[in-house]
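This is what each chain is made of:
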Amino acid sequence: MTDPIEPSTSSSDPNPNPNPNPIPTTLLHPRREPFEHGLLPIQKLICTDPVQALTLLKQKFASSSTHRVDSAALAEALQISSDHARLVLDTLASVLHSESDPLVNARPESVDSVGADLRDLILFLYIQSYKRLLPRSHKDSASVADVWPSTSAFDGYLSALSPLQLVRCNTRRFMPSQADEEAHQLSYLQKHLANILSLLSEPVEGEGEESLVLTMEGFEHLGFLIQFGDKGSEGVPLSQAASFFANSDPDMPAAPVPASQVHDWLLHNIASSLEHVTEKISAKENGPPSGSDQDVAMAEASPSSAKASPSERSPCFIEGVSKSSYVKQASDLKNSSVKVINCHDSVIYILAPLRYATIYGCSDATIVLGAVGKAVRVEHCERVHVIIAAKRVCIANCRECVFFLAVNQRPLIVGDNHKLQVAPYNTYYSQLEEHMTEVGIEATINRWDETLALGLIDPHDSLSHPAGVSDAQTESSTCLDPDQFTNFLIPNWFEGESTGSTKDNPFPLPDAYLTSQQRNQKNLGEIKQILREAPLEENRKRELSCALHVYFKDWLYASGNIRQLYCLQGD
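Residues numbered from 1 in each chain as written. Predicted model: local features only at pLDDT ≥ 70, side-chain atom pairs only at ≥ 80, totals over all residues. Heavy atoms only, no water.

### As for the pairing of strand 11 (residues 347-360)
Here comes step 1: Taken across its 14 residues, strand 11 has 13 buried, putting it largely inside the fold.
Here comes step 2: Of the pairings in the sheet, the one linking strand 9 (residues 325-329) to strand 11 comprises five bridges and is parallel in character. The residue bridging K328 from the neighbouring strand is I350, located in strand 11.
Here comes step 3: For strand 10 (residues 337-341) and strand 11, the ladder comprises five bridges, and the chain directions are parallel. (Buried < 20%, exposed > 50% of the residue type's maximum accessible area, 1.4 Å probe, protein only. Helix = DSSP H or I, 4+ residues; strand = E, 2+ residues; numbered from the N terminus. Pairing = 2+ DSSP bridges.)

### Things to note about a nonpolar patch on the surface
Here comes step 1: A cluster of nonpolar side chains, I527, L531, L536, L544 and L548, forms an exposed patch at the surface whose accessible area comes to about 390 Å².
Here comes step 2: If you list the elements that add at least two residues to the nonpolar patch, you get helix 16 (511-533) and helix 17 (538-559).
Here comes step 3: One can find L544 in helix 17.
Here comes step 4: The class of L544 is partly exposed, set by a relative accessible area of 32%. (Patch = residues over 30% accessible without salt bridge, like charges linked within 9 Å, V, L, I, M, F, W, Y side chains within 5 Å. Areas by Shrake-Rupley, 256 points an atom, 1.4 Å probe, with all protein chains shown as cover. Salt bridge = Lys/Arg side-chain N within 4 Å of Asp/Glu carboxyl O.)

### Brief notes about the nonpolar core
Here comes step 1: Among the nonpolar cores identified, the biggest contains 77 residues, and L121, F219, L222, F224, L225 and L266 are the most heavily contacted of them.
Here comes step 2: Among the elements that take part in this core, helix 11 (residues 178-200) stands out by supplying 10 residues, more than any other.
Here comes step 3: Look past the residues within four positions of L225 in its chain and what remains in contact with it is H29, P30, R31, F35, L123, I127, L189 and I196.
Here comes step 4: Of all hydrophobic cores here, the second largest spans 61 residues; its members include I348, A390, C401 and L405. (Core = buried A, V, L, I, M, F, W, Y, C linked by side-chain atoms within 4.5 Å. Contact = heavy atoms within 4.5 Å.)

### Brief notes about unusual backbone geometry
Here comes step 1: One non-glycine residue, N342, lies in the positive phi region at around 50°.
Here comes step 2: On the secondary structure map, N342 appears in the loop between strand 10 and strand 11.
Here comes step 3: Its relative accessible area of 12% is what places N342 among the buried residues.
Here comes step 4: One non-glycine residue, K419, lies in positive phi territory at about 55°.
Here comes step 5: Position of K419 among the secondary structure elements: in the loop between strand 16 (412-414) and strand 17 (421-424).
Here comes step 6: Look at K419 and you get exposed, because its relative accessible area is 59%.

### Examining the side chain of T366
Here comes step 1: Mapping T366 onto the fold places it in strand 12 (residues 366-379).
Here comes step 2: Accessibility expressed as a relative area gives 16% for T366, which makes it buried.
Here comes step 3: For T366, the residues in contact, after removing those within four places along its chain, are S346, V347, I348, H385, I387 and F488.

### Section: the pattern of salt bridges
Here comes step 1: Taken as a whole and judged by the stated rule, the model has 21 salt bridges.
Here comes step 2: Ionic pairing is found between K58 and E202, a salt bridge with its closest N-O pair at 3.6 Å. Here K58 is found in helix 2 (residues 50-61), whereas its partner E202 is found in strand 4 (residues 202-204), with 144 residues between them in sequence.

### A short note on the environment of I341
Here comes step 1: Within the secondary structure layout, I341 lies in strand 10.
Here comes step 2: Residue classification places I341 among the buried residues on the basis of a relative accessible area of 9%.
Here comes step 3: Sequence-wise, I341 and G361 are 20 residues apart; in three dimensions their C-alpha atoms are separated by 5.9 Å.

### Brief notes about the pairing of strand 10
Here comes step 1: Of all five residues that make up strand 10, five are buried, and the element is covered over most of its length.
Here comes step 2: Alternating positions in strand 10 separate into two faces, S337, K339 and I341 on one and V338 and V340 on the other, with burial throughout.
Here comes step 3: Two strands pair when backbone bridges link them, and strand 8 (residues 316-319) and strand 10 are joined in this way by four bridges, in the parallel orientation. Counterpart to E319 in the pairing with strand 10 is I341.

### A look at the confidence of the model for the protein chain
Here comes step 1: Overall, the prediction assigns the protein chain a mean pLDDT of 80, with 75% of residues at 70 or greater.
Here comes step 2: Long-range and interchain partners of residues 1-24, a stretch whose pLDDT sits below 50, account for 33 contacts in this model, where long-range means more than four residues apart.
Here comes step 3: Segment residues 137-160: pLDDT under 50, and 36 contacts once partners within four positions in sequence are set aside and those in other chains are kept. (pLDDT = per-residue confidence, 0-100.)

### What about the side chain of H435?
Here comes step 1: Positionally, H435 belongs in helix 15 (residues 432-439).
Here comes step 2: Accessibility expressed as a relative area gives 3% for H435, which makes it buried.
Here comes step 3: A polar atom in the side chain of H435 sits 2.8 Å from the side chain of Y429. (Polar contact = N/O pair within 3.5 Å; in protein donor to acceptor, adjacent residues only side chain to side chain.)

### Topic: the packing of aromatic side chains
Here comes step 1: Evaluation of the coordinates by the stated rule reveals 13 aromatic pairs.
Here comes step 2: Ring geometry for Y130 against Y188: centres 5.1 Å apart, planes inclined by 90°, an arrangement best described as edge-to-face. Here Y188 lies in helix 11 and Y130 lies in the loop between helix 7 (118-126) and helix 8 (141-144), a separation of 58 residues in the sequence.
Here comes step 3: Among the residues examined, Y130 registers a relative accessible area of 2% and is labelled buried.
Here comes step 4: Between the aromatic rings of F228 and W265, the centroid separation amounts to 5.6 Å while the plane-to-plane angle is 40°, which identifies the pairing as tilted. Of the two residues, F228 sits in strand 6 (residues 226-228) while W265 sits in helix 14 (residues 259-286), which places them 37 residues apart along the sequence. In this pair, the class of F228 matches that of W265, namely buried. (Phe/Tyr/Trp six-rings, centres within 6.5 Å; stacked < 30°, edge-to-face > 60°.)

### Comments concerning the packing of helix 2 against helix 11
Here comes step 1: In contact at an axis separation of 10 Å, helix 2 and helix 11 are set at 15° when each is read in the N-to-C sense. Judged by the angle between their axes, helix 2 and helix 11 are roughly parallel. The element helix 2 and its partner helix 11 pack so that their crossing is right-handed. Of helix 11, the residues touching helix 2 (which contributes V51, L54, T55 and K58) are N195, S198, L199 and L200.
Here comes step 2: Of the residues in the contact of helix 2 with helix 11, the class split is four nonpolar, three polar and one charged. (Axes fitted to C-alpha atoms, helices over the stretch in contact; angles between N-to-C directions. Parallel < 35°, antiparallel > 145°, perpendicular 65-115°, else oblique. Left-handed = near helix turned anticlockwise from the far one by under 90°. Nonpolar A, V, L, I, M, F, W, Y, C, P; charged D, E, K, R; others polar.)

Okay, structure coming up:
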């Protein structure tokens, strides 16, 4: 069974077993997190026949009393290294829908033994065959979007471009919008739904494989891929959205339901959601272009380009900021995830506790993220300094960037990267430790220099395939020279309002960087003392002071930092 099972229902009758208690005002949505942060470019995770491969995996571990798969068993079953098995568990934990799962709450030293729930693991491995949406300008995107492996007419051309040139050649006018992505994910789920349900279902005893049923517990695991409502993890519980499991007593769970009934009900809901999303896309394409869809000229973009999203499920977008400084604090954000897109020659501060963050298509900028408890993805950036305190970070297709990291898990480097540098975390703000505690980041663990480099080709992204390259490994990073390491000072815009207790960088510096920092501070102190004690007459001291101010002003203009002073003065 190489091809997905196609639904037997027709468009004229999408729901032969109508739901007697439909929820017309509550739409089904795909969960974005597994598709945006849960895909790993490891060839052995991508099956040409996922149903057959994952059925064997299911049978192998079904006899386990806990229905969990630890790191060692996973490595053996998939024939992958222990490092890759641990990466699978860490990545799965970062995108799980249930915050109560033992893997989500496991201590770092316990993750390997705690392992993953078998059903969550099966769903995670299944979607490794997902292909990200191509730009809308592609003449044949529909035919290649869900094919693995695939080739693209762009491959030979785009491999010669830098990450930022690649982004700009496709501009925001042609890059997929959130609605495009959602429609693509819904279509993927629609196409693969029968296979997914077959992997979660069990045969009725004595009736063979043809009579599959789904328990309420198995049905709840679909929450890894879908949800109802616009409030993210706080939306309608999956079992309560379905009439066949709604109002069941926890002490007396509902009887298993035929998988065909669940299949038809979900197909009906997916079709309704697809219709809704398609209407939204059509209205946007036929109406006047919105701010986020226009190709904003870099010289004209401003912090006003940043927009809050209409629902808690959607991320907050900070987009098109150019030649400016921009700050957002926790009180400014109603969303638990942020996307920083196409920002250039700017300094951006997001000083808030977050679940997810994405930085995409930025250049010549400094971007400071507060505390990110699930995952950060940095993609298609050039000459950007990124300062992050996070559980985990993935870096893809970047050039000449420096990452100042405080990460509890190994930094992941994938795709076509060049001249990346990593360094320990180098800043703080007054509420940093409070935000770290809120999202579950540990200050005692910082694996900033333990980067894990995977493949040069990302099999999930048709745009990043250099022609003729198969299993090459991506260029890894180097550690920043300790002599070039400096602290980054975050201005205190709201002095007097802040109640945080953080007074210094909570992540201990490695000895080489601490020694360099102390030496620089000592040298600065000695220079200040020499200037103070210089035996100069008052007029000569004034001339020296003026000369220093002139050189400092020249540096401010040459480095572009003068804009930060103007922005601070304006704030």
